[in-house]
Amino acid sequence: MKLNRNLTDQEILEKIKSKSDPNQAISQLYSQHYGMLEHYIIQNSGSADDAADLIQEAMLVFVKLVSEEKYRGEASVKSFLYSICKNLWITELRRRKSTEARHERYEGEKDQLESDISAQISKNENLKFVMDLFDKLGEKCKQLLMLFYFEELPMKEIGEKLEFSSEQVLRNKKYKCLQSLTDQVKSSPALSKNLQKALRHE
Amino acid sequence: MNENYSLEELEAYLYGELSEERKSQLEENIKTDLALQEELAALQISRAAVELAGWKSVIAQSQKEFLEEREETLNKPIQIGIRVWLGRIAASLTLLLVGTLAVLFFSTSPESITESQIGYSLPVLRSSTGELAALEQAYLNGEYEQVLELAKGINSYEAKTYLLIGLANLELKNGQAAEEFLTRIESENQTSSSKDFADQVDYYLVNAYLIQGKITEAEERIVKITKDQNHTYHDNFGQLDLLKVQILKIKN
């Protein structure tokens, strides 16, 4: 993991939003903030393994909030990541039947940015469920959808990479893969319930 | 799949790429068609999940690399320990050597070569009588000025007399006089082909020369003593003394 130079907070946000060299942005977040985040978890009854899991989760929440422009650098990246981690860890402690008092005290301190964090953490729970469904798709489907929706490559390039005979065949395959995923989403009772709640804006 | 809209159309709607007419129609249907709403929501979350899966892969890879690199950094001192420690030992030894040489350089003086040498104890001077006996007694009493005074009253000097006068001068730090009387023994020995007090002369001349700053002459005597295994004072000088002589030469 070699970095040419340190990016500024704003450059990191730009790289995440534009997905240009996302590895560099994420690598720098790790090298600059992992120690601080890990220290927080360990100081609050967590282990190094808890920290590793939680920080990965925090990074996912971070990129999602940045991508959706819910975070534009109002606070420093460091304090924003710290807030996400704190939020996630409190949620995790609640799961582990930690004291309600701590949670209530924390709830009272929330500001708008932290509300966005909480909301994103909750959304990510659903997304994680769908990601698990995505993981169960065939390798070709996963590659295709990833190249299209994450790497945002043009169809022509994807076709060459995955050796499709024509763009139409690729297009059909893509919709087939996507359809397979959405069908699984709809047939998942827990997820379907959450989606309906979301549609009703509950 | 929705009967009225293909996935492709629904996706085009989400991307804002659907024709105005079809878009209005779809939006009208959304209001009442729960299945269509669900279809759109499922499509949205699926796309978001695929994108997030991409990020998850980037994040997992970065985390893996970061933790491996950190582990490697933590283990580095152990892995390269031998080389590092050898380097440190070499550096310490070099520092120690430089320090020692510096101390040696600044602490070396003519006295530093002879101060640890044996005292000026006379060889057994038994059977002396008269004037010489008085000279010996004065020397043994540490009355060196008296030795020189008594010597003036002696008409005929023998090797012992020269030695006592030479040593008394040495004690009084009269290097030149000490050299003069000690070398007289050598001259007398050459004339009589004897070796009276030859080793003592070598040994005490080192000091006499050093007092006068005659470093080269002192060096010659030390080399002579150290080269001769049978010399009485062979063990009284070593390489360190020769090194000190070299330092004195530099300092002078």
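Residues numbered from 1 in each chain as written. Chains lettered and ligands numbered in written order. Predicted model: local features only at pLDDT ≥ 70, side-chain atom pairs only at ≥ 80, totals over all residues. Heavy atoms only, no water.

Enquirer: So what's going on with a nonpolar patch on the surface? Residues and values would help.
Expert: All names here are of chain B. Among the surface-exposed residues, Ile82, Trp85, Leu86, Ile89, Leu93 and Leu96 lie close enough to one another that they form a single nonpolar patch of about 680 Å² accessible area. Tracing the sequence through the fold places Leu96 in helix H4 (residues 81-107). Since its relative accessible area comes to 54%, Leu96 is described here as exposed. (Patch = residues over 30% accessible without salt bridge, like charges linked within 9 Å, V, L, I, M, F, W, Y side chains within 5 Å. Areas by Shrake-Rupley, 256 points an atom, 1.4 Å probe, with all protein chains shown as cover. Salt bridge = Lys/Arg side-chain N within 4 Å of Asp/Glu carboxyl O. Helix = DSSP H or I, 4+ residues; strand = E, 2+ residues; numbered from the N terminus. Buried < 20%, exposed > 50% of the residue type's maximum accessible area, 1.4 Å probe, protein only.)

Enquirer: Describe the packing of helix H6 (residues 130-140) of chain B against helix H8 (residues 159-171) of chain B, listing the residues and the values that go with them.
Expert: Think of two packed helices as two axes; the pair is described by the angle between the axes and how far apart they sit. Residue and element names in this part refer to chain B. Taken N-terminus to C-terminus, the directions of H6 and H8 make an angle of 25°; their axes are 11 Å apart at the nearest point. Here H6 lies roughly parallel to H8, going by the angle between them. In terms of crossing hand, the pair formed by H6 and H8 is left-handed. Residues Leu132, Leu135, Glu136 and Tyr139 of H6 lie in contact with H8, whose contacting residues are Lys160, Thr161, Leu164, Leu167, Ala168 and Glu171. (Axes fitted to C-alpha atoms, helices over the stretch in contact; angles between N-to-C directions. Parallel < 35°, antiparallel > 145°, perpendicular 65-115°, else oblique. Left-handed = near helix turned anticlockwise from the far one by under 90°. Contact = heavy atoms within 4.5 Å.)

Enquirer: Mind laying out helix H1 (residues 9-18) of chain A, listing which residues take part and the relevant values?
Expert: All names here are of chain A. Those residues of H1 not exposed but buried are Ile12, Leu13, Lys15 and Ile16. Buried residues of H1, seen end-on, are gathered within an arc of 165° and therefore sit on one face of the element. One or two residues past the end of H1 sits Lys19, with phi positive at roughly 55°. (Arc of directions from axis to C-beta.)

Enquirer: Kindly report on the interface of chain A and chain B, identifying the contributing residues and their values.
Expert: Each partner contributes to the interface: chain A provides 44 residues, whereas chain B provides 33 residues. In total, chain A and chain B occlude about 3800 Å² of area from one another, counting both sides; carbon and sulfur atoms represent 71% of this. Inspection of the chain A/chain B interface yields four salt bridges. The closest approach of N and O atoms between Lys19(A) and Glu51(B), which form a salt bridge, is 3.0 Å. Only helix H2 (22-43), helix H3 (48-67), helix H6 (112-135), helix H7 (139-150), helix H9 (167-187) and helix H10 (189-199) of chain A provide two or more residues apiece to the side of chain A that touches chain B. Per-element accounting of the side of chain A that touches chain B gives the leading share, 10 residues, to H9(A). Looking at the side of chain A that touches chain B residue by residue, the classes come out as 26 nonpolar, 11 polar and seven charged. (Buried area = accessible area lost by both parts, 1.4 Å probe. Nonpolar A, V, L, I, M, F, W, Y, C, P; charged D, E, K, R; others polar.)

Enquirer: So what's going on with the environment of Lys251(B)? Which residues, and what values?
Expert: All names here are of chain B. For Lys251, the position within the fold is in helix H12 (residues 239-251). For Lys251, a relative accessible area of 37% translates into the label partly exposed. For the pair Lys251 and Ser109, spaced 142 residues apart in sequence, the C-alpha to C-alpha distance is 9.3 Å. Apart from residues no more than four positions distant in its own chain, Lys251 is found in contact with Phe105, Phe106 and Thr108.

Enquirer: Outline the nonpolar core, supporting the account with residue identities and numerical values.
Expert: General note: in soluble globular proteins, nonpolar side chains tend to be found buried as a group. Ile16(A), Ile26(A), Leu29(A), Phe62(A), Ile84(A) and Leu26(B) are the most contacted members of the largest nonpolar core, which totals 83 residues. Broken down by element, the residue count for this core peaks at 14 residues, all from helix H3 (residues 34-79) of chain B. Formed by 39 residues, the second largest nonpolar core is a distinct cluster that contains Ile113(B), Leu132(B), Ile154(B) and Leu210(B). (Core = buried A, V, L, I, M, F, W, Y, C linked by side-chain atoms within 4.5 Å.)

Enquirer: Tell me about the packing of aromatic side chains, and name the residues and values.
Expert: Taken as a whole, this structure holds 16 aromatic pairs over all chains when the rule is applied. Centroid distance Phe150(A) to Trp55(B): 5.3 Å. Interplanar angle 80°. Geometry classified as edge-to-face. Of this pair, Phe150(A) sits in helix H7 while Trp55(B) sits in helix H3, on two different chains. The same class applies to Phe150(A) and to Trp55(B), which are both buried. For the ring pair Tyr203(B) and Tyr204(B), a centre distance of 5.1 Å and an interplane angle of 70° mean the geometry is edge-to-face. Both residues of the pair, Tyr203(B) and Tyr204(B), count as buried. (Phe/Tyr/Trp six-rings, centres within 6.5 Å; stacked < 30°, edge-to-face > 60°.)

Enquirer: Let's hear about the confidence of the model for chain B: which residues, and what values?
Expert: Predicted coordinates in areas of low pLDDT are best not read in detail. For chain B, mean pLDDT is 85; residues scoring 70 or higher make up 92% of the total. Across chain B, the secondary-structure element scoring lowest on mean pLDDT is helix H5 (residues 110-114) of chain B, at 74, and the one scoring highest is helix H2 (residues 20-30) of chain B, at 92. (pLDDT = per-residue confidence, 0-100.)

Enquirer: Lay out the pattern of salt bridges with the relevant residues and their values.
Expert: Here the structure, examined in full by the defined rule, presents 29 salt bridges over all chains. Between Glu92(A) and Arg96(A) there is a salt bridge, with the nearest N and O atoms lying 3.0 Å from each other. By relative accessible area, Arg96(A) is classed as partly exposed at 42%. Ionic pairing is found between Arg221(B) and Glu186(B), a salt bridge with its closest N-O pair at 2.7 Å. Note that Arg221(B) is positioned in helix H11 (residues 215-227) and Glu186(B) in helix H9 (residues 175-192), a separation of 35 residues in sequence.

Enquirer: Tell me about the state of the cysteines, and name the residues and values.
Expert: Residues and elements named next belong to chain A. Overall, the coordinates contain one disulfide over all chains when judged by the stated rule. Through a disulfide, Cys141 is tied to Cys177; the S-S separation comes to 2.0 Å. On the sign convention where negative means left-handed, the S-S torsion of about -75° between Cys141 and Cys177 marks this disulfide as left-handed. Taken as a pair, Cys141 in helix H7 and Cys177 in helix H9 lie far apart in primary sequence, 36 residues in all. Taking relative accessible area as the criterion, Cys141 reaches 11% and is therefore assigned buried. (Disulfide = S-S within 2.5 Å.)

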